[in-house]
Amino acid sequence: MLNLAVSFLVRLLQAVAGFLLFYGIEGMLSSAGLQPPNILVLISLLAIVMLAVAAWRSEHRPAGGLWVAGFVVALPLLLQSAAPRSDPVCPSDHPPLTPSYTCVPPGAPAVLAISSVVLLLSLAGAVVEIRGLMARPPFTVPNS
């Protein structure tokens, strides 16, 4: 039972780190193009990797729970970048965005492609993990 609680806690912490990573990535995507990673992105990535290593060591699964953070980051980015992109790409010195003037940040198609791949890999990881949990033998109490 303790292993289940630890597994759930690691997944929950990976989801929180994924939300923080998404928040940091939002600061990197601007109308001036893709900016370098900020400290929030770097710390979130470090937390996700450390939690994946902890899950790997406790559960003996190489990518234990990485799908949670991947899903939390990729889904909102995919939904944002999949919006209709008929607007022109923002020039370097564009005026403020208003209802009458809109433009698409440079790199939006790349964000769409990367988030699609990460989301598919995350879904595959979730399926593998769920199948692994279903294949485990049920918990039995030893006879005393």
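As shown above, the structure is provided for reference.
Residues numbered from 1 in each chain as written. Predicted model: local features only at pLDDT ≥ 70, side-chain atom pairs only at ≥ 80, totals over all residues. Heavy atoms only, no water.

1. Details of the overall build of the protein
Then step 1. Broken down by element type, the protein carries 4 helices and 2 strands.
Then step 2. On C-alpha atoms alone, the protein measures out to a radius of gyration of 20 Å, which is more than a quarter above the 15 Å that the 2.2 N^0.38 rule sets for 144 residues.
Then step 3. A principal-axis box enclosing the C-alpha atoms of the protein has dimensions of 75 × 30 × 20 Å.
Then step 4. In the protein, 65% of the contacts between residues at least 6 apart in sequence involve partners at least 24 apart.
Then step 5. Of the accessible surface of the protein, which amounts to about 9,800 Å², a share of 76% is contributed by carbon and sulfur atoms.
Then step 6. In the protein, the 6 positive side-chain charges and the 5 negative ones have mean positions that sit 20 Å from each other. (Helix = DSSP H or I, 4+ residues; strand = E, 2+ residues; numbered from the N terminus. Rg over C-alpha atoms; globule rule 2.2 N^0.38 Å. Contact = heavy atoms within 4.5 Å. Areas by Shrake-Rupley, 256 points an atom, 1.4 Å probe, with all protein chains shown as cover. Lys, Arg positive; Asp, Glu negative; His and termini not counted. Charge placed at Lys NZ, Arg CZ, Asp CG, Glu CD.)

2. Here's the deal with the pattern of salt bridges
Then step 1. Counted by the stated rule, this structure contains 1 salt bridge.
Then step 2. A salt bridge links glutamate 129 to arginine 11, with the shortest nitrogen-to-oxygen separation between them at 2.6 Å. Of this pair, glutamate 129 sits in helix α4 (residues 108-135) while arginine 11 sits in helix α1 (residues 2-28), and the two are 118 residues apart along the sequence.
Then step 3. Owing to a relative accessible area of 11%, arginine 11 belongs among the buried residues under this scheme. (Salt bridge = Lys/Arg side-chain N within 4 Å of Asp/Glu carboxyl O. Buried < 20%, exposed > 50% of the residue type's maximum accessible area, 1.4 Å probe, protein only.)

3. Some thoughts on the environment of tyrosine 101
Then step 1. Note on placement: tyrosine 101 falls in the loop between α3 (66-81) and α4.
Then step 2. Since its relative accessible area comes to 24%, tyrosine 101 is described here as partly exposed.
Then step 3. Residues tyrosine 101 and glycine 70, 31 residues apart in the sequence, show an inter-C-alpha distance of 33 Å.

4. Quick word on the environment of valine 73
Then step 1. Position of valine 73 relative to the elements: it lies in helix α3.
Then step 2. Given a relative accessible area of 9%, valine 73 falls into the buried group.
Then step 3. Between the alpha carbons of valine 73 and phenylalanine 22 there is a distance of 5.1 Å; along the sequence they are 51 residues apart.
Then step 4. Not counting the four nearest positions on each side in its chain, valine 73 is found in contact with Gly18, Leu21, Phe22 and Ile25.

5. Examining the side chain of serine 44
Then step 1. Locating serine 44 in the fold gives a position in helix α2 (residues 39-59).
Then step 2. Setting aside chain neighbours within four positions, we find serine 44 in contact with Ala17, Leu20 and Leu21.

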